[in-house]
Amino acid sequence: MTHTQGHIIAVAFIFFILGMGMIYVTWLNPSSRFRPIFRARWRPFGRAASKFGALAQSFTLLSLALASLLSGLGLPFARFALIPFGIGVVATGFARLGDLRDDEI
């Protein structure tokens, strides 16, 4: 393992922790003391995202973790991990539009 691969795998681990933390504080333990850190938001210290927004953001983070892990390991099929990332980006866009509409009401 090269030095660069170690950094890429560390970044994948960070994305994985952020995605799983978002799932944990949204659905598994909403009264967690980690809620201020891992809560899904659209901007820093802003209003919290909806549950669909949290799902879309956590899915995007987890797929980004998978893509960086596979590319860090140098596997030939790593580019296929960008498909769930693209789906997550589109879902996050729809969730953001839905939350913006809720903000106007």
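This is a predicted model, so every value here is computed, not measured.

1. Considerations on the overall build of the chain
Thinking step 1. When you go through the chain residue by residue, the secondary structure sums to 4 helices and 0 strands.
Thinking step 2. When its helices and strands are written in sequence order, the chain yields α-α-α-α.
Thinking step 3. Oriented by its inertia axes, the alpha-carbon framework of the chain measures out at about 50 × 30 × 20 Å.
Thinking step 4. Long-range contacts, defined here as pairs at least 24 residues apart, represent 60% of the contacts in the chain between residues at least 6 apart.
Thinking step 5. For the chain, the accessible area works out to roughly 7,000 Å², and carbon and sulfur atoms hold 72% of it.

2. Description of the side chain of serine 63
Thinking step 1. Of note, serine 63 is situated in helix H3 (residues 51-72).
Thinking step 2. From its side chain, serine 63 meets the backbone oxygen of threonine 60 in a polar contact 3.0 Å long.

3. As for H3
Thinking step 1. Between its first and last C-alpha atoms H3 spans 31 Å; for 22 residues at 1.5 Å apiece the expected length is 32 Å, and the two agree.
Thinking step 2. Where H3 terminates, the next one or two residues include glycine 74, which has phi positive at roughly 75°.

4. Details of the side chain of serine 32
Thinking step 1. Take serine 32: it is sitting in the loop between helix H1 (3-28) and helix H2 (35-38).
Thinking step 2. Of the polar contacts made by the side chain of serine 32, one reaches the backbone nitrogen of phenylalanine 34; its length is 3.1 Å.
Thinking step 3. When neighbours within four sequence positions are excluded, serine 32 is seen to be in contact with Tyr24 and Val25.

5. Looking at the nonpolar core
Thinking step 1. In this structure, Met22, Ala40, Ala49, Ala54 and Leu61 together form the largest nonpolar core, which totals 5 residues.
Thinking step 2. Excluding residues that lie within four positions of it along the chain, alanine 49 makes contacts with Ala40, Arg41, Trp42, Ala54, Gln57 and Asp99.

6. Observations concerning H1
Thinking step 1. End to end, H1 covers 36 Å across 26 residues, agreeing with the expected 38 Å (1.5 Å per residue, within 8%).
Thinking step 2. Its buried side turned inward, H1 meets H2 and H3.

What counts and how
- Residues numbered from 1 in each chain as written.
- Predicted model: local features only at pLDDT ≥ 70, side-chain atom pairs only at ≥ 80, totals over all residues.
- Heavy atoms only, no water.
- Helix = DSSP H or I, 4+ residues; strand = E, 2+ residues; numbered from the N terminus.
- Contact = heavy atoms within 4.5 Å.
- Areas by Shrake-Rupley, 256 points an atom, 1.4 Å probe, with all protein chains shown as cover.
- Polar contact = N/O pair within 3.5 Å; in protein donor to acceptor, adjacent residues only side chain to side chain.
- Expected span 1.5 Å × (residues − 1).
- Core = buried A, V, L, I, M, F, W, Y, C linked by side-chain atoms within 4.5 Å.
- Buried < 20%, exposed > 50% of the residue type's maximum accessible area, 1.4 Å probe, protein only.

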